[in-house]
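# Descriptive analysis of the structure
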Amino acid sequence: MADSREALVFRAKIAEQAECFEEMVESMKNVANQNQDLNVEERNLLSIGYKNVIGEKRTAWRIVSALEDKQKSKDPESWKVEQFSVLRETIEKELHSIVDDILELLTPLIDNRGDDAETGVFWLKMKGDYFRYIAEFERGDAREDAKDKAFDAYTEALKVGEPLEKTNPLLLGLALNFSVFYYEIMNNRDKACEMARSYYDNAIADLDKLPKDDYYRDITLIMQLLRDNLSLWMASDSDEYDDDSDY
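Residues numbered from 1 in each chain as written. Predicted model: local features only at pLDDT ≥ 70, side-chain atom pairs only at ≥ 80, totals over all residues. Heavy atoms only, no water.

Its identity is not glycine, yet E19 carries a phi of approximately 60 degrees, on the positive side. In this structure, N187 takes a positive phi of about 55 degrees despite not being glycine. Inspection of the secondary structure puts N187 in the loop between helix 7 (169–184) and helix 8 (189–206). (Helix = DSSP H or I, 4+ residues; strand = E, 2+ residues; numbered from the N terminus.)

This part takes up the side chain of N177. Mapped onto the elements, N177 comes out in helix 7. Using a relative accessible area of 0% as the deciding quantity, one classes N177 as buried. Leave out the neighbours within four places in its chain, and N177 touches K125, D129, R132, Y154, D246 and Y247. (Buried < 20%, exposed > 50% of the residue type's maximum accessible area, 1.4 Å probe, protein only. Contact = heavy atoms within 4.5 Å.)

In this section: the pattern of salt bridges. The tally for this structure, following the rule as stated, stands at 18 salt bridges. Here R88 ties to E68 by a salt bridge, and the two come within 2.5 Å at their closest N and O atoms. Placement of R88 in helix 4 (residues 79–111) and of E68 in helix 3 (residues 40–74) is noted, with a sequence separation of 20 residues between them. Across the pair, E68 and R88 agree in class, each one buried. Here K191 makes a salt bridge to E194, at a shortest N to O gap of 3.9 Å. Taken as a pair, K191 and E194 lie in helix 8 at a separation of 3 residues, close to a single helical turn. (Salt bridge = Lys/Arg side-chain N within 4 Å of Asp/Glu carboxyl O.)

Okay, here's the thing in structure tokens:
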């Protein structure tokens with residue numbers, strides 16, 4: 001007998017508390033594959049699970065790549081260089097596998113999202129994020145393809161989100177991640193700063209009108225990340241990678 005939707009969601013919540021994120025993803029994949037719309041709680045659980053699974057691999061890739069570069073500069077002929085390369089390529093394959101997995105789930109969720117702006121922004125932003133993760137490590141044509149697809153998804157998400165309030169946390173989270181994409185992937189600091197500043201200023205103008213509840217705290221958290229990134233980027237004279245905050 002197949003697990004009920006309620007049981008799968010409950011299991012995902014337990015897995016999140018235990019930081020068993022692969023199990024969390026598996027449960028929420030089963031929910032998503034039931035061919036029904038996901039509610040806010042369900043889509044957040046799906047997103048959290050995948051973000052933690054891929055976040056671990058992204059961190060591992062950065063560490064191994066940095067160590068590989070250090071070894072190459074120290075002794076490019078050393079046998080150790082190949083060992084770093086083998087591990088890095090293994091991690092890249094795992095990253096691709098995770099992204100392919102989530103994109104397969106996202107396709108019907110995006111296609112069947114209906115007219116709800118928040119739902120559209122959520123799924124399209126997620127699509128942009130995962131293509132951005134591919135662009136972080138890919139090279140050549142594969143990187144250009146991932147860049148284009150991330151840009152298209154983020155751009156469509158902004159268009160879908162036009163009816164939303166300027167303080168909407170989904171819209172602010174989209175602006176945060178799109179601005180990180182401009183800075184890290186497109187190497188366009190001016191556009192990144194312009195977007196971060198614009199959405200921050202628009203939101204802060206209406207912030208005092210909102211009640212001081214959990215929704216308010218979500219908004220102020222994302223606004224703080226926008227401001228932190230803006231300060232970092234304005235102070236940076238380098239195109240080197242910075243550990244920018246996304247959401």
